[in-house]
Structure formats: C-alpha cells, structure tokens
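Summary of the model geometry
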Amino acid sequence: MSEHPEYTATILWERPEGASFIDRRYTRDHAWSFDGLSVPASASPFGVRPPLTSTDRIDPEEALVAALSSCHMLTFLWVAARRGLVVDRYEDHAAGVLGKNAEGRIALVRAVLRPEVTFGADAQVDAALLDELHEAAHRDCYIANSVKTEVAIEPRIAAASAS
C-alpha cells in the first residue's frame, strides 16, 4: 500500500447508438462512479446548451465548488472539535465564478464559501474566533491547497440551538 492514499473515480460517457459525433451535437450526459455510487453528470448549461446537456445533472464546475465547500466544512468540524466547541449544524451556500485566469484561459477564478454555523448553546464563539476557526480550516483543507482558485470565506454564526 502506498504511503499516500489514492482517490479514484470512474467517468463513463458513451455515444448513443446511431448518434453522430463529429457534428459536435453529441450528448454531454455521463456518469461519475465512486465506491459503488453512480452520480449523473453533464456539462454546464452555461457552456453547452440543452438538449446536449442536462440541467438536472451535476456539472464539473458545481462539483469543484462542492468539493471546496465540503472539504472546508469537514476540516472546520475537525478544528472546532479539537477546540472543544460543539457544532450542531453547518450549512454553506457556496458559489463559483468562471472568468479568465492569469494565462487568459477560462477557469473557476473564485469560489465563495458562505458557511452558517450553529454552535451548541454553551459555545462562546464571537466573530474573531469564528474567523480564526475558518482560517485554520482553509489552511488545512486538502482541496483548497490543491487549486489555484481564490477561495473567499464569508462565515456567519447562527443562533445557538436550545440543547
């Protein structure tokens, strides 16, 4: 076994029988498979218009934003638990923006994470501590460390739960 874990995904696209391809009017629908789970995917409707893409499927740009958000959340939960802070709920409405990067190529140039965290009733968390927790989570997030995209974090504290 390798010293470093390897993460795998199977991506499958197939040309429908009888469909043309070289006219570039082929479906972008495909599937992502991970650990026995299949996720329907397609191209972003901002880049390829329906019916050649399906708006009810995940596109790679959404997946990248979700991966950044999910990694940040998981790292944030780990940081908070290490600090003895109980987190009851974490919800993020993340967004990504396509634009031209420094090389003039289209890229996800900015991702904004907008996590709203509900801490347990006994947690004493102010804006400065929340920023510190998010900075630590961002610094240690594997996915954020893997991309050139600017990742901004705009956290909010939700009302404490009554537990």
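Everything discussed here concerns the structure shown above.
The shown structure was predicted, so the numbers you read here are calculated from the model rather than taken from an experiment.

Observations regarding the sheet that holds strand β8 (residues 150-153)
Pairing between the strands of a sheet is mediated by backbone hydrogen bonds and can be parallel or antiparallel. Taken in spatial order, the three strands of this open sheet run β5-β6-β8, and their pairing is mixed. Both outer strands of the open sheet, β5 (95-100) and β8, are each paired with one neighbouring strand and no more. Neighbour to neighbour, the strand axes of the sheet diverge by 25° on average, direction disregarded. Inspection of the sheet shows strand β6 (residues 106-113) paired to β8 by four bridges, in the parallel sense.

Topic: the packing of aromatic side chains
Inspection of every chain in the model, using the stated rule, returns six aromatic pairs. A centroid spacing of 5.8 Å and a plane angle of 55° characterise the contact between Trp 13 and Phe 21, whose relative ring orientation is tilted. Judged by its relative accessible area of 33%, Trp 13 is partly exposed. Pairing Phe 21 with Tyr 26 gives two aromatic rings, centres 4.6 Å apart and planes at 25°, and the pair type is stacked. You can call Phe 21 partly exposed: its relative accessible area is 39%. Overall, Tyr 26 belongs to the partly exposed group, its relative accessible area being 23%. Members of the aromatic cluster, each reached through a chain of ring pairs, are Trp 13, Phe 21 and Tyr 26. It is Arg 28 that lies over the ring of Tyr 26; its NZ or CZ is 3.9 Å from the centre. It is Arg 82 that lies over the ring of Trp 78; its NZ or CZ is 4.3 Å from the centre.

Some points on the nonpolar core
Looking at soluble globular proteins, one finds that nonpolar side chains tend to be buried together. Membership of the largest hydrophobic core comes to 13 residues, with the highest contact counts inside it found for Phe 76, Leu 85, Phe 119, Val 125 and Leu 133. Sorting the residues of this core by element identifies α1 (60-82), β7 (115-119) and α2 (127-140) as the ones contributing at least two each. Per-element accounting of this core gives the leading share, five residues, to α2. Look past the residues within four positions of Leu 85 in its chain and what remains in contact with it is Ala 80, Phe 119, Ala 123, Val 125, Leu 129 and Leu 133. Within the second largest apolar cluster, seven residues are counted, among which are Leu 68, Cys 71, Ala 111 and Cys 141.

Criteria and cut-off values
- Residues numbered from 1 in each chain as written.
- Predicted model: local features only at pLDDT ≥ 70, side-chain atom pairs only at ≥ 80, totals over all residues.
- Heavy atoms only, no water.
- Pairing = 2+ DSSP bridges.
- Helix = DSSP H or I, 4+ residues; strand = E, 2+ residues; numbered from the N terminus.
- Axes fitted to C-alpha atoms, helices over the stretch in contact; angles between N-to-C directions.
- Phe/Tyr/Trp six-rings, centres within 6.5 Å; stacked < 30°, edge-to-face > 60°.
- Buried < 20%, exposed > 50% of the residue type's maximum accessible area, 1.4 Å probe, protein only.
- Lys NZ or Arg CZ within 6 Å of the ring centre and 35° of its normal.
- Core = buried A, V, L, I, M, F, W, Y, C linked by side-chain atoms within 4.5 Å.
- Contact = heavy atoms within 4.5 Å.

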